[in-house]
Structures are given as structure tokens and as C-alpha cells.
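Topology and contacts: notes
Here is how the chains run, residue by residue.
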Amino acid sequence: MSELPTLAELTTEVRVVSLPMRVRFRGITAREVALVRGPAGWGEFGPFPEYGDDEAAHWLRSAIEAAWLGQPAAVRSRVAVNATVPAVAADQVPMVLAKFPGVSTAKVKVAEPGQTIDDDVRRVDAVRSQIPNVRVDANGGWSLDEATRALTALTAVGPLEYAEQPCRTVDELVELRRRLPEIRIAADESIRRAEDPIRVARMGGCDVAVVKVAPLGGMRRLLDLAVELADFGIPLVVSSALDSVVGMNAGLAAAAALPELQLACGLGTGGLFTEDVAEPRSLVDGALEVAPIDPDPERLTRLAVTADRADWWLERLARCHRIVAGAE
Ligand SMILES: O=C(O)CCC(=O)c1ccccc1C(=O)O
Ligand SMILES: [Mg+2]
């Protein structure tokens, strides 16, 4: 990135916050992110705590792009989003869906450790009774045989728009598509955590690509990847990484800049927080406004993490900055 700020510039204004969640998601009940401010606005650095520095460095490139370079040109002003339903019990589904008014697509988490296929079927059926279009996300949690069994059970009474990352490896996704040709498969981790994000498409492992700004290293990298995926005829879904309002600005800007966008995006996860760094965008007819929102100073203070967590994030920021600078 030609606009790479020095570490001192990068850390002139860093705010580390913890956003409380309504229900457990990915095993967490609060989401920590570091927000940086540059000449073009705010950027979000929120790699998950268990990620190593090399992977986290992509997220830093994305934060720097947002805060030092700004947003690419938009071709649309609103983006349709899906409801995101964590692996809750079926009776909690109405409570979760209440936070996503007007959506016609829901993404339901399945294959949660400790749960059964029956739990997934009950949750998906509860969602189907309220939302016409349902997709599921297994986060790579099934073996090939488990995925075959689970997806057969989940499509027994109604269709699925697609199944996101049913198995972990690209080879498994390729084989699953052969076994279940009538079920569309989406790749997420096989794109965002891969050295070569286009490999899963080249190998025939997906019908749909779920793409996220921060793990790919920024909005422009996502747009470049979209050009490559178009050659394979693979449609995109831009999704969040459980971003605050600031990270969501970048996801929405990337989605707004895509020449082609048919599917609802996973950018409604603000509805999973009880509080965010700004008054969240309201969902109107299942879509979000693209215009960027600045964090509210009072909320940044109220949601600030403890000093030891802030130090941990600042050290991580410094290590990742060295990686990004070294790769220039
Ligand atoms: O796509 C969505 O609806 C929400 C985003 C989401 O599910 C997610 C959020 C954080 C980390 C991983 C994932 C995922 O898609 O697996
Ligand atoms: Mg996913």
C-alpha cells in the first residue's frame, strides 16, 4: 500500500472497545476491536484473538485502507442483508429475528460443537416459519459424511439457498458438490483463511463466494477478487467478521462498489450487539444505507476495554504494522 502510515501515525488515535453481544456467537459474548483514525476517516482492526500475526496483518491492511485511502466509488446506495441466526435453541429464534426487520433471507449457524443434526433441523425450521429464503453456515464443522446426512435432513422439508463452508477442506467441498449436486455450496473459510483465495473456485469447490473485507486485506482487494471470481461465474456475498459500525462501513462500501450484486449480504450483524460504537443503521425493508457513520465519542469511552486489553491490542497492532511494512 503506497499510503502506509508510520506506527506513530497509525497509533495517534486508537480506541479499543468491547461490544457486548445479545447471544453467544463463535463462542464469544463480547467482541473486541481496535479502531484507528486517519486522514480519510476511521478504520477497524479486529482480527479474532486466536489468529496469528501473519493472518492479522491482512486485517491491519484493511484498517489502514479505510482510514488512509477511503472508500471506492459506489454504484448503489443500499445493500440488502440477511439476518444472522447464531446456534441458539429453536425457541430463541423469534427473539433473534426480531432484530432484523424486513429481511427476506436468513443465515442460520449449524454444526455447532455439542449440538446434533436434530438441533439444526429444529432451528432451521423455526427460521423457515418466519423467513422465506434460508441459507446455513457450518463453519467447516462437518465431515463429508456428516455434511451429506445433515444437508439431506435440512432439505427434506424445504430448500436451502446454499450451504456455507459445510466441510473444512477444498477437496471435501469438491466431493460434496458431486454427492449433492442439487444443493449449492458457498465457500467462506476456504477463501478468507486461504493463501490463495481463488483456489476453491478453480478446483470447483463452490457455487457462491462469501467474501469479507478485513481478512482479505481491504475493500479494493475484495473488488479485485470479485473480478477473478466473475470469470468462474461465481456470485458474491459480502459478509461481516462481526464488525462494529466502523468495520461495517467498509463492508457496505465494498458491497456498494461491486458491479454485480444479487444475493443478500451478511452485513446485518450489528443486530447481534446490544451496543455499538455509534447509533446503528436501521434496517429498512431488509436493506442498509451505505453512507459511512462515525463513532460517537461518548460510546467509545463507555465501551473502552481495560488497560491490559488495550495494551494487548496495541502490541498486536505494532507487530502487524512491522509485517505490513516489511511486505511493502
Ligand atoms: O454472514 C453473516 O451473516 C454474518 C457473519 C458471520 O457469520 C461471521 C462472523 C464472524 C466470523 C465468521 C462468520 C462466518 O461467516 O463464518
Ligand atoms: Mg461463514
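Thresholds applied
- Residues numbered from 1 in each chain as written.
- Chains lettered and ligands numbered in written order.
- Predicted model: local features only at pLDDT ≥ 70, side-chain atom pairs only at ≥ 80, totals over all residues.
- Domains from an automatic or database assignment.
- Contact = placed C-beta atoms within 7 Å.
- Helix = DSSP H or I, 4+ residues; strand = E, 2+ residues; numbered from the N terminus.
- Pairing = 2+ DSSP bridges.
- Near = placed C-beta within 6 Å.
- Nonpolar A, V, L, I, M, F, W, Y, C, P; charged D, E, K, R; others polar.
- Core = buried A, V, L, I, M, F, W, Y, C linked by C-beta atoms within 7 Å.
- Buried ≥ 20, exposed ≤ 12 C-beta atoms within 10 Å, placed from the backbone.
- UniProt positions renumbered as here; feature names shortened; annotations may be inferred.
- Axes fitted to C-alpha atoms, helices over the stretch in contact; angles between N-to-C directions.
- Parallel < 35°, antiparallel > 145°, perpendicular 65-115°, else oblique.
- Left-handed = near helix turned anticlockwise from the far one by under 90°.
- Right-handed = clockwise from strand over helix to strand, strands pointing away.

**Things to note about the domain arrangement of the protein**
Segmenting the protein into domains produces domain 1 (7-70 + 297-326) and domain 2 (78-289). Taken over C-alpha atoms, the centre of domain 1 sits 24 Å from the centre of domain 2. Across the boundary between the two partners, domain 1 contributes 24 residues, which contact 26 residues of domain 2. Of all the secondary-structure elements, those providing two or more residues to the side of domain 1 that touches domain 2 are strand E1 (14-25), strand E2 (28-38), strand E3 (41-45), helix H2 (53-69) and helix H12 (297-302). When residues of the side of domain 1 that touches domain 2 are assigned to their parent elements, the largest contribution, 8 residues, is made by E1.

**Digging into the sheet that holds strand E8 (residues 163-164)**
Within the open sheet, the 7 strands sit side by side as E5-E6-E7-E8-E9-E10-E11. Their pairing is parallel. Since the sheet does not close on itself, it has two edges, and those belong to strand E5 (83-85) and strand E11 (236-238), each with one partner.

**A word on the site of ligand 1**
Inspection of the region around ligand 1 gives 13 residues, with Thr84, Lys107, Ser239, Leu242 and Gly266 positioned closest. Split into classes, the residues belonging to the shell around ligand 1 amount to 2 nonpolar, 7 polar and 4 charged.

**Focus: the nonpolar core**
Buried together is how nonpolar side chains tend to be arranged in soluble globular proteins. Formed by 101 residues in total, the largest nonpolar core has its most connected members in Val79, Ala186 and Ala209. Here this core takes 10 residues from helix H11 (residues 245-257), the largest share from any one element. The residue makeup of this core includes at least three contributed by each of domain 1 (7-70 + 297-326) and domain 2 (78-289). The contacts of Ala209, once residues within four sequence positions are left out, are Ala186, Ala187, Ile191, Ala201, Leu229, Ile234 and Leu236.

**Topic: the UniProt feature "active site" (unreviewed entry) in the protein**
Residues given the UniProt feature "active site" (unreviewed entry) here are Lys109 and Lys212. Take Lys109: it is sitting in strand E6 (residues 105-109). The topology assignment puts Lys212 in the loop between strand E10 (208-211) and helix H9 (213-216). Its 26 C-beta neighbours within 10 Å are what place Lys212 among the buried residues.

**What about the pairing of E1?**
Regular strands have side chains that alternate between both faces of the sheet. Of the pairings in the sheet, the one linking E1 to E2 comprises 8 bridges and is antiparallel in character. Looking at E2, one finds that Val17 is bridged to Val33. Hairpin geometry of E1 and E2 is characterised by an intervening segment of 2 residues between the two adjacent antiparallel strands and by a positive phi of about 55 degrees at Arg26.

**Here's the deal with the packing of helix H4 (residues 117-128) against helix H5 (residues 144-154)**
With their axes 10 Å apart at the nearest point, H4 and H5 run at an angle of 30 degrees to one another. The angle between H4 and H5 places the two elements in the roughly parallel class. Seen along the crossing, H4 lies across H5 with a hand that is right-handed. Contact residues: Ile117, Asp120, Val121 and Val124 in H4; Arg149, Ala150, Ala153 and Leu154 in H5. Looking at the contact of H4 with H5, its residues break down into 6 nonpolar, no polar and 2 charged.

**Some points on the pairing of strand E7 (residues 133-137)**
When you tally the buried positions in E7, you get 4 out of 5 residues, the bulk of the element. Where E6 lies against E7, 5 bridges are found, and the strand directions are parallel. Each bridged residue has a counterpart across the sheet, and for Lys109 the counterpart in E7 is Asp137. In this region the chain leaves E6, passes through H4 and returns to the parallel neighbour E7; the handedness of that crossover is right-handed. Note: E7 against E8, 2 bridges, orientation parallel. Looking at E8, one finds that Asp137 is bridged to Glu164. Running through H5, the crossover from E7 to the neighbouring parallel element E8 is right-handed.

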